[in-house]
Amino acid sequence: MCKKSAVFFIILLLLFSSLSAGIPKYIRGKMIISIDLAYNLNLEINEEGFVSTGLADIDELNREYKVTEYRTLLRNYRPANALWDAFHNTYVFIFEDKDLDMEEITQIYRQLPCVDYAKPDMLRPYLGTPNDPLYPDQWHLRRIKADSAWNLCKGSEEVIMGALDSGVDWKHEDLGPILWQNTYGGFGAWNHGEDLDGDGHTLEYTGGEWVFDPDDVDGIDTDFNGWVDDFIGYDFIRDAEMAYDVGGFTEDGTVPDNDPADFVLNGHGTHVSGTMIAATNNEYGIAGLNWKGKLMCLRTGYYFRDPDSGEERGLNNDEASYSAMEYAIEKECDVLNFSWGNAVIDTIMRGLVRRAWDYHEIIMMGGAGNDNVDDIFYPANYPHVISVAGTNRYDQKAMFSNYGTWIEISAPGRNITSTIPFNTFVNWDGTSMASPVAAGAAGLIIAAFPDSSSEWIINRLIETADSIDHINPGYEGLLGSGRINLVQAIGPIKYPWLEFESYSVSDLTYGDGNGRVDPGEEGDIVFTLSNQPGWQPATGVTLTITSSDIFIEITQPTATVPNISPGSSGSNASNPLRFLMEAEAPAHLTKMSVTVTTEAGSELTGDIEFMIGRPGILLYDADEGDLFEEYYFPPLQEGKLVYDWWDRNSRGVIESWELDLYETIIYFTGNCSTGTVTPGEQSLLMDFLELGEKSLLITGQYIGDEIGESEFFTDYLRGVHTDDALALGFGFNISGIEGEPLSEGLTISTLGGSSAGNQRSLSGVAPGPGASGIYRYGVDTDTTRYAAIKHHNTDFDYKAVYFGFGLEGIGTYMDSVKTVIFRVLEWFGHTPGIDEPGSSMPVSFNLSSYPNPFNASVTIAFNLTENCGLELDVYNLIGEKVCGLANGRMA
């Protein structure tokens, strides 16, 4: 039931087109017949070449319609056991004439008193799709809160999941690692399944790909289940009706075999399987819902192409599905997904579903269909199959999804990113995608509650869903209990729900107590955690920190937290985590990872980042809010310049002892018109500069207007304020001064923007004694008036630069801001471009190459012989820049 996009290569335009007269409903010349169990049958091919049963009525029809072959429906080579008693007299009849009307023929057989059931071998479609945009992100995992649920449970290797579908590209790098392997005979069998050498695996990774273990390949049905060398599942398809065959590019569909691979032009089963379960936390591809579960490969469908009309479509076959159900039951699969179907009841499938539930309590999910109707759909509506409707990222019913009172739950079905053949990933739409999302969710709940019954698991999934009726007017009560919420399904009855509330870093125990861990000091880290109301008490809470910083030694990596009741908080204040900063380490931003575990098995992870040591630069934010930092952070970061940030708005005016610890202050006022530099701050800055070997860059459009007559402005900046709000018109530039190193050759725009206050009050300034102009307003005819000045005071040995406008008003081009700031900082004695301690350039990065169907991503690797800046641009074949890497940051 998937809706595919026609983006990535042209042949997919027809892949799952809507059902038409050219697409077969059944396989020609093939009938499934069930004969009353009261009759003892002796089937054979008689002398005339027709199938004889020993029942005259059936034999007469077999002769008339030329039934030339037969086989048992389930397990060809082994007498049926009690589990399959109801199918002892169920067979597949093959007719010589492939042009017979099988619907009419089966009606004739059904009229015989000895026949319980007769039907064509149906083909049930995977449903079509409109051409919707594809977005390669797994939004659906966050929507059902899987990412949060993984803090509680990541899955279990004991959970076996499968999809009756078009096959699985089991060599896919994101599926091979989690494949189920047939190392157990099932139902208490003594043998090793098909693991002939008993080494615990039937699959291995050799030569860069997944292959069957050569020590297990013997061409023998080692586990006596009727399927030879079924190492990872089976391909149950035979007699494929008009399987794809164009120019030698042929779909596999003649004889069942042990290679359940998906056809490259189909990919439906591979996408469904990856949606349900994929290798996770492996630095490749997508994340699966169950990190540790296993995927059983059950191929029951194929890709059809009508040689006359050219119509193409994926189809699921009934006989193959029956065999797959038998196989999944005997091999004790835990979760099955059905992303196919139609409105026709199949009594055999319904009976197999009942046995799957009665004998092994297999949890089964079925897509509701993609026709935007309330018609009942099968197998989704069989008893014990959970019917799943599809939703979009806003919890609205997907426009294609069926609905009705028969729906039991909803799950995301729009733009679902998953696997398709050739190690590729694409986004598809459909209830084909919603159903495996629900199946994967059920698998995760099983892992969290392994001792619970399947009925309890299903009820948990349904009862904890978030109601979406209020978001879907007109569909109230028609989308089941709501959209899946894995956190609510797994969490409150078993786990606490911890969150990071705050953390603090202190040097009080083994330092000088100045609030910063300095070289040679040890620092204490204390976390405060909160436990949400309605969850379980948090007991056995343990904190663990790690760091890859070469200047850091973790001296106390673990700490415990007292029990935290629901609705309460707790901390490790009594036994802090601890680290040592090396004695020769430079000041820098360090990063640590923290993991919180509980006795119940829940886990919470996060990263913290903080400054250790005292950097030379302080960025002093004196604007009125969080408006202009974005113009200053990037230049400093790109220049690998380590800095502290002080926000006056949230922290108040800095104290003198702390200000004096820095070498350089970058002071900006944004669009503040009053309180730009308060009297207290002026006094602090004057004392700071008098310490000697200090530097100050101060910038703002109202500074001169407000404090132009102050001692700080005239005696320390050595400026003479000349004008408020210069009226210079729009579009003028600010020009550098010839022969002035800080500005020579530079022309910068002052258009600014709304966020920069449009530079409403550009101040004019003349240099006082010992100062000189460094920038001039481009259209200003007054040669004594400047836009910026500099002053090197030899009495106190400090340097000061004053801009009569806000640097954030330099157009919107970060390179311009960066160039201006870098020249000033170089004059102060800083060297932009030197790598920040502890940081390094990447040696490779991954670039998404969607919609390339064969390579969803490309790894670009490079070697650097020394630390340096790096700029790398990536272009497509028509010359468009599609991606860039600048100084290690993706743009």
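Being a predicted model, the structure only gives us computed values, none of them experimental.

Reading guide: rules and limits
- Residues numbered from 1 in each chain as written.
- Predicted model: local features only at pLDDT ≥ 70, side-chain atom pairs only at ≥ 80, totals over all residues.
- Heavy atoms only, no water.
- Helix = DSSP H or I, 4+ residues; strand = E, 2+ residues; numbered from the N terminus.
- Contact = heavy atoms within 4.5 Å.
- Areas by Shrake-Rupley, 256 points an atom, 1.4 Å probe, with all protein chains shown as cover.
- pLDDT = per-residue confidence, 0-100.
- Buried < 20%, exposed > 50% of the residue type's maximum accessible area, 1.4 Å probe, protein only.
- Polar contact = N/O pair within 3.5 Å; in protein donor to acceptor, adjacent residues only side chain to side chain.
- Patch = residues over 30% accessible without salt bridge, like charges linked within 9 Å, V, L, I, M, F, W, Y side chains within 5 Å.
- Salt bridge = Lys/Arg side-chain N within 4 Å of Asp/Glu carboxyl O.
- Lys, Arg positive; Asp, Glu negative; His and termini not counted.
- Charge placed at Lys NZ, Arg CZ, Asp CG, Glu CD.
- Core = buried A, V, L, I, M, F, W, Y, C linked by side-chain atoms within 4.5 Å.
- Axes fitted to C-alpha atoms, helices over the stretch in contact; angles between N-to-C directions.
- Parallel < 35°, antiparallel > 145°, perpendicular 65-115°, else oblique.
- Left-handed = near helix turned anticlockwise from the far one by under 90°.
- Pairing = 2+ DSSP bridges.

Colleague: A description of the overall build of the protein should follow, citing residues and the corresponding values.
Modeller: From N to C terminus, the protein includes 17 helices and 46 strands. In the protein, the proportion of contacts linking residues at least 24 apart, taken out of those at least 6 apart, comes to 71%. With the model as given, the accessible surface of the protein reaches about 35,500 Å², and the carbon-plus-sulfur share is 49%.

Colleague: So what's going on with the confidence of the model for the protein? Residues and values would help.
Modeller: Predicted confidence across the protein gives a mean pLDDT of 86, with 86% of residues reaching 70 or more. The low-confidence segment residues 834-843, where pLDDT is below 50, has 26 contacts with residues more than four positions distant or belonging to other chains. Counting interchain partners and residues more than four positions distant, the pLDDT-below-50 stretch residues 863-869 has 5 contacts.

Colleague: An account of the side chain of Asn 266 is needed here, citing residue identities and associated values.
Modeller: For Asn 266, the position within the fold is in the loop between strand S12 (249-250) and helix H5 (268-276). The class for Asn 266 is buried, based on a relative accessible area of 2%. A distance of 3.5 Å separates polar atoms of two side chains, one belonging to Asn 266 and the other to Ser 166.

Colleague: Kindly report on a negative patch on the surface, identifying the contributing residues and their values.
Modeller: Together, Asp 687, Glu 690, Glu 711 and Asp 715 give the surface a local cluster of negative charge. At the level of elements, helix H14 (679-690) and helix H16 (711-716) are the ones that each hand at least two residues to the negative patch. Within the fold, Glu 711 resides in helix H16.

Colleague: Tell me about the nonpolar core, residues and numbers included.
Modeller: Counting 117 residues, the largest nonpolar core has Met 325, Leu 336, Phe 338, Met 364, Leu 486 and Ile 490 as the members making the most contacts within it. Element by element, the count of residues in this core is highest for helix H8 (residues 431-448), at 12 residues. With near-sequence residues (within four places) excluded, Met 364 lies in contact with Met 325, Leu 336, Phe 338, Val 353, Ala 356, Trp 357, His 384, Val 385 and Ile 386. With 35 residues, the next largest nonpolar core counts Leu 742, Tyr 775, Phe 805 and Trp 827 among its residues.

Colleague: Quick one: what's the story with unusual backbone geometry, residue by residue and with numbers?
Modeller: With omega at 10 degrees, the peptide bond leading from Tyr 378 into Pro 379 counts as cis. Looking at the secondary structure, you find Pro 379 in the loop between strand S17 (363-367) and strand S18 (385-391). Residue Asn 423 is not a glycine yet carries a positive backbone phi of 50 degrees. By secondary structure assignment, the location of Asn 423 is in the loop between strand S20 (416-420) and strand S21 (424-428). Since its relative accessible area comes to 27%, Asn 423 is described here as partly exposed. Not every positive phi belongs to a glycine, and Arg 718 is a case in point at roughly 60 degrees. Checked against the element boundaries, Arg 718 lands in the loop between H16 and strand S35 (719-723).

Colleague: An account of the packing of helix H1 (residues 56-65) against helix H2 (residues 102-110) is requested, with residue identities and associated values reported.
Modeller: Packing of H1 against H2 leaves a shortest axis separation of 11 Å and a crossing angle of 160 degrees. In terms of axis orientation, H1 runs roughly antiparallel to H2. Along this stretch, H1 crosses H2, giving a crossing that reads as right-handed. On the side of H1, the interface is formed by Ile 58, Leu 61, Asn 62 and Tyr 65, while H2 contributes Ile 105, Ile 108 and Tyr 109.

Colleague: Give a description of the sheet that holds strand S30 (residues 603-612) that names residues and reports values.
Modeller: Read across the open sheet, the 4 strands follow the order S26-S24-S29-S30; overall the sheet is antiparallel. The two strands at the open ends of the sheet, each matched to only one other strand, are strand S26 (558-561) and S30. Strand-to-strand twist across the sheet, computed as the mean angle between neighbouring axes with direction ignored, equals 25 degrees. Where strand S24 (residues 541-546) lies against S26, 4 bridges are found, and the strand directions are antiparallel. Across the sheet, the residue bridging to Thr 544 is Thr 558, located in S26.

Colleague: Any chance you could break down the pattern of salt bridges for me, citing the residues and the numbers?
Modeller: Oppositely charged side chains are able to pair whenever their charged atoms sit close together. Counted under the stated rule, the structure contains 29 salt bridges. The partner of Lys 119 in a salt bridge is Asp 318, with the nearest N and O atoms 2.8 Å apart. Of this pair, Lys 119 sits in strand S6 (residues 115-125) while Asp 318 sits in helix H6 (residues 318-330), placing them 199 residues apart in sequence. Look at Lys 119 and you get buried, because its relative accessible area is 4%. On the basis of relative accessible area, Asp 318 is assigned to the buried category, the value being 2%. Asp 607 is paired through a salt bridge with Lys 591; the nearest N and O atoms lie 3.8 Å apart. Of this pair, Asp 607 sits in strand S30 while Lys 591 sits in strand S29 (residues 588-597), and the two are 16 residues apart along the sequence.

Colleague: Lay out the pairing of strand S15 (residues 312-317) with the relevant residues and their values.
Modeller: Most of S15 sits inside the fold, with 6 of its 6 residues counted as buried. Judged by which residues are buried, S15 turns out to be covered on both faces: Glu 312, Gly 314 and Asn 316 on one side and Arg 313, Leu 315 and Asn 317 on the other are all buried. Two elements, strand S14 (residues 301-305) and S15, share 5 bridges in a ladder whose sense is antiparallel. What sits directly across from Tyr 302, in S15, is Leu 315. A loop of 6 residues connects S14 with S15, the two strands running antiparallel in sequence, and Gly 310 in this loop sits at a positive phi of about 80 degrees.

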